[in-house]
Every structure is written in structure tokens, then in C-alpha cells.
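Okay, here's what each chain looks like letter by letter:
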Amino acid sequence: MSEHKKPRVAILISGTGSNMQAIVAACRNGALDAEIAVVISDNPDAPGLAKARDAGIETASAVYERGIPREKNEQLIAETIRQKKIDWIVLAGFMKILSASFVRQFPGRIVNIHPSMLPAFPGAHAIRDALEAGADCAGVTIHIVDEMVDHGPILAQEEIPIRPGDTEKSLAERIHAVEHRLYPRTLQQLFHEDV
Ligand code: GRF
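Residues numbered from 1 in each chain as written. Predicted model: local features only at pLDDT ≥ 70, side-chain atom pairs only at ≥ 80, totals over all residues. Heavy atoms only, no water.

Trainee: Help me understand the overall build of the protein chain in this model?
Mentor: For the protein chain, the count of helices and strands is seven helices and seven strands. Over its C-alpha trace the protein chain gives a radius of gyration of 16 Å, about what one expects of a compact globule, namely 16 Å for 195 residues. Along the longest, intermediate and shortest principal axes, the C-alpha atoms of the protein chain span 50 × 50 × 30 Å. Evaluated residue by residue, the protein chain yields a buried proportion of 46% over its 195 residues. Summarising the internal contacts of the protein chain: among those between residues at least 6 apart in sequence, 63% fall at separations of at least 24. Summed over its atoms, the accessible surface of the protein chain is roughly 10,100 Å², and 51% of this surface lies on carbon and sulfur atoms. (Helix = DSSP H or I, 4+ residues; strand = E, 2+ residues; numbered from the N terminus. Rg over C-alpha atoms; globule rule 2.2 N^0.38 Å. Buried < 20%, exposed > 50% of the residue type's maximum accessible area, 1.4 Å probe, protein only. Contact = heavy atoms within 4.5 Å. Areas by Shrake-Rupley, 256 points an atom, 1.4 Å probe, with all protein chains shown as cover.)

Trainee: Looking at this structure, I do not really get the pattern of salt bridges. What am I missing?
Mentor: Note that side chains of opposite charge can pair when their charged atoms are close. Using the criterion set out here, one finds ten salt bridges in the structure. Close ionic contact of E58 with K84 constitutes a salt bridge, the shortest N to O distance being 2.6 Å. Here K84 lies in the loop between α4 (75-83) and β4 (88-91) and E58 lies in the loop between α2 (47-54) and β3 (59-61), a separation of 26 residues in the sequence. Its relative accessible area of 45% is what places E58 among the partly exposed residues. Exposure remark for K84: the relative accessible area of 17% places this residue in the buried category. With a closest N to O distance of 3.3 Å, K169 and E173 form a salt bridge. (Salt bridge = Lys/Arg side-chain N within 4 Å of Asp/Glu carboxyl O.)

Trainee: Help me understand the site of the ligand in this model?
Mentor: Within the structure, the ligand sits among T16, G17, S18, N19, G93, I113, H114, P115, H176 and E179. N19 is positioned such that a nitrogen or oxygen atom in its backbone is 2.8 Å from an oxygen atom of the ligand. Those elements that place two or more of their residues in the shell around the ligand are α1 (18-29), β5 (110-114) and α7 (168-191). Looking at side-chain class alone, the shell around the ligand contains two nonpolar, seven polar and one charged residues. (Near = heavy atom within 4 Å. Polar contact = N/O pair within 3.5 Å; in protein donor to acceptor, adjacent residues only side chain to side chain. Nonpolar A, V, L, I, M, F, W, Y, C, P; charged D, E, K, R; others polar.)

Trainee: I keep staring at the packing of aromatic side chains and nothing clicks. Help me out?
Mentor: Considering all chains together, one arrives at two aromatic pairs under this definition. Measuring from ring centre to ring centre gives 5.1 Å for F102 and F106, while their planes differ by 55 degrees; the resulting arrangement is tilted. Exposure class is identical for F102 and F106. Each is buried. Here the basic side chain of K96 rests over the ring of Y64, its NZ or CZ set 5.0 Å away from the ring centre. Cation over ring: R109 sits above W88, and NZ or CZ is 4.2 Å from the ring centre. (Phe/Tyr/Trp six-rings, centres within 6.5 Å; stacked < 30°, edge-to-face > 60°. Lys NZ or Arg CZ within 6 Å of the ring centre and 35° of its normal.)

Trainee: Please explain the side chain of H143 as it appears in this structure.
Mentor: Mapped onto the elements, H143 comes out in strand β6 (residues 137-144). In terms of polar contacts, H143 uses its side chain to reach the backbone carbonyl oxygen of H151, at 3.3 Å. Each residue touching H143, except ones within four places of it in the same chain, is listed here: I110, V111, N112, L118, D150, H151, G152, P153, I154 and L155.

Trainee: It is not clear to me how unusual backbone geometry should be interpreted in this structure. Could you clarify?
Mentor: Negative phi characterises most residues that are not glycine, and trans characterises most peptide bonds. The linkage connecting L118 with the following residue, P119, adopts the cis geometry, with an omega of 10 degrees. At F121, a position not held by glycine, the phi torsion is positive, near 50 degrees. Positionally, F121 belongs in the loop between β5 and α6 (126-132). Of note in the backbone geometry, D150 takes a positive phi value of approximately 50 degrees without being a glycine.

Trainee: Explain the sheet that holds strand β7 (residues 154-161) here, please?
Mentor: Where strands meet in a sheet, backbone hydrogen bonds hold them as pairs that are either parallel or antiparallel. One open sheet accounts for seven strands, arranged β3-β2-β1-β4-β5-β6-β7; its pairing is mixed. In the strand order of this sheet, the two ends are held by β3 and β7, each with one partner. The mean inter-strand angle of the sheet, taken between neighbouring strand axes irrespective of direction, is 15 degrees. With three bridges joining them, β4 and β5 adopt parallel strand pairing. Considered in β5, the bridge of V90 is made with V111. The strands that α4 touches are β1 (8-13), β2 (35-41), β3 and β4; relative to β2, the one it contacts most, it runs at about 170 degrees. (Pairing = 2+ DSSP bridges. Axes fitted to C-alpha atoms, helices over the stretch in contact; angles between N-to-C directions.)

Trainee: Explain α4 to me, please; I cannot follow it from the model alone.
Mentor: Three- or four-residue spacings in an α-helix give side chains the same orientation, since the helix completes a turn every 3.6 residues. For α4, the complete set of buried residues consists of I77, A78, T80 and I81. With its buried residues spanning 160 degrees around the axis, α4 presents them on a single face. In the core, the buried residues of α4 are packed alongside β1, β2, β3, β4 and α5 (100-105). Where α4 ends, the next residue or the one after it, K85, has phi of about 50 degrees, a positive value. (Arc of directions from axis to C-beta.)

Structure follows, in C-alpha cells:
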């Protein structure tokens, strides 16, 4: 057995968790050399949390309370990350904006996937916005998270042409297919310093 220590990863989700599942699958089939130490959600009912538990992965919920500062709501996430000795924080459909002070605690160690060719169409409705704008193409961007929203050094990008008659659903399906291939591959390169 090699002495090699796998990078320890926390995945943050809010919903379905299909990217989380693709990353877990890549760890299991050897395409991604990493250990998913915990899956954290701001939504205790996120379907992705149940999927993570079914896959035997530890989970945690960090429910955000209204009326208190973002930084306070993030404390449980930061504590879990420290406690579990996490090397990389991977956002996979995490719908809360992380505060600058959270990002500063883990500089260069937070990765995000966004369903557009950033800087085009940042924000929570990128696919709808691209369709409404009549854009020719959508895309996928994987980037390091900095203190601005959907912003930071880009690690990988892939364009996805928009077809006549595309709906949010049909386009999202093609985007997801690209994400599930591109995210594990990019993480492998990042964790093992090939990018
Ligand atoms: C993905 O399209 C990702 O780009 C965006 O949120 C979506 C999450 O999907 N940030 P899933 O929960 O991984 O299925």
C-alpha cells in the first residue's frame, strides 16, 4: 500500500446533488484521487443529502437562520471543515453566497461550478437568463472562488450550443451531462497540481 494521503474534500450542496454523485462515483472508480469526507447542506431536506448518506458518506446540515449575519450562519460549516481536516471545499449546487470572511479563511481552496460561460450570466438563474437573452450558447465554468459572486480564477470551461426550441429543462440536461464529466476531471487536475 502506498503512503499517499488522499486530499480530503467537503462538498457543499443545496439540492439534487447530481454533481456530488458524479464526484463520488469518480472517487470510487479511481478517476479522482480524493476522499469525500463530508457532504454539507444548508437545506436539511436536500435530496442530495439522502443520496450521500445512501453512499455511506457522512453528512451535515447547516440551516441558515433569518435575521442573523451571513458570517454567523456559516460558522457551523467552517467548524465542520476544520474538524474534518478538509483540504478542499467543493461547491456543487450550493445556493448560498459565501461571505468574504468565509472565503478568506480558505483562500484558493474553494471551487465552484456554474452553468454558464462566466463572466456571462452570473447568478442563480444562469440557464434561464441565457435563454431569455437569446444567447447562442450556454456553458459550464469551473473556477476558484474569490470574494465576488461567481468570480475567480477559471480552471475549466466548455461551451454548449443552444438549439432552436431549447427549454430550460432540455438545456439543463445537456449542461448537467457536461458538468458530470468536467467537474471530476478538473478536480483531479487541481488536486494533483496539473492545472
Ligand atoms: C449545477 O448546474 C451547477 O452548475 C449549479 O447548480 C447545479 C447543481 O445541480 N451551480 P446538482 O445539484 O449537482 O444536480
